[in-house]
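Structural description and commentary
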Amino acid sequence: MNKQEILDQINTKITDKIQYFENLIAETRASNNDTKSSMGDKYETGREMLQQQINNLQRQLNETLNQQAVLQKITAEPSEKVQNGALVKTNMGMFYVSASMGEFILDNQKIMTVSAESPLVKAMFGKKIAETFTVNNIVQNIENIW
């Protein structure tokens, strides 16, 4: 399994997401400046709603930047146990421990990216090949780790 290819895909997706949020924040700020009028309360309410939207987008951007910081610490080196950067195959699927960015398809294999903070990773963290762990009363067996 080529972990570097997975890491590259995740980095591209995160970079695109950061650019998207930065553009959206800039556009929203620009529209905030364009809404000046003499409408009084309606104007203030509209500005407040736009400011709340900017704050929400900024929060999402910060979360994405934090995910990027986590990814920068991950290498494609092989792993012998479940840890950050490990690609883990269980009897239930393939999981890449990094930032939670959804699903990827690599070599016709579905790989779910999961955060080290997720209950799934917390349950299997530190385990090695052939060990088992339980999440939501479902026992899973670790078949391979890259």
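The model shown is predicted, which means the values in this text are computed figures rather than measured ones.

**Section: the sheet that holds strand β5 (residues 132-135)**
The strand order across the open sheet built from six strands is β3-β4-β2-β1-β6-β5, with neighbouring strands paired in mixed fashion. The sheet terminates laterally at β3 (102-106) and β5, the two strands that pair on one side only. Geometrically, the sheet is characterised by an average inter-axis angle of 40 degrees between neighbouring strands, direction not taken into account.

**Looking at the pattern of salt bridges**
Tallying each qualifying case throughout the model produces two salt bridges. Put simply, K110 and E103 hold a salt bridge, and the shortest N to O gap is 4.0 Å.

**Re the nonpolar core**
If you look at the biggest cluster of nonpolar residues, it comprises 20 residues, and the most contacted ones within it are I6, I10, I14, L71, Y96 and I111. Of all the elements in the fold, those that place two or more residues in this core are α1 (3-34), α2 (41-72), β2 (93-98) and β3. Looking at this core, the element that brings in the most residues is α1, giving seven residues. The residues touching I14, leaving out its near neighbours within four places in the chain, are T64, Q67, Q68, L71, A99 and M101. Core analysis: the second largest hydrophobic core is formed by 13 residues, A86, V97, V121 and M124 among them.

**Things to note about the side chain of T113**
Following the sequence through the fold, T113 ends up in strand β4 (residues 109-115). Residue classification places T113 among the buried residues on the basis of a relative accessible area of 1%. Within the local environment of T113, its side chain forms a polar contact with the backbone oxygen of A99, the two atoms lying 3.4 Å apart. In this structure the side chain of T113 is engaged in a polar contact, spanning 2.7 Å, whose partner is the backbone nitrogen of M101. Beyond its immediate sequence surroundings of up to four residues, T113 is in contact with I10, Y96, S98, A99, S100, M101, G102 and F104.

How each quantity is defined
- Residues numbered from 1 in each chain as written.
- Predicted model: local features only at pLDDT ≥ 70, side-chain atom pairs only at ≥ 80, totals over all residues.
- Heavy atoms only, no water.
- Pairing = 2+ DSSP bridges.
- Helix = DSSP H or I, 4+ residues; strand = E, 2+ residues; numbered from the N terminus.
- Axes fitted to C-alpha atoms, helices over the stretch in contact; angles between N-to-C directions.
- Salt bridge = Lys/Arg side-chain N within 4 Å of Asp/Glu carboxyl O.
- Core = buried A, V, L, I, M, F, W, Y, C linked by side-chain atoms within 4.5 Å.
- Buried < 20%, exposed > 50% of the residue type's maximum accessible area, 1.4 Å probe, protein only.
- Contact = heavy atoms within 4.5 Å.
- Polar contact = N/O pair within 3.5 Å; in protein donor to acceptor, adjacent residues only side chain to side chain.

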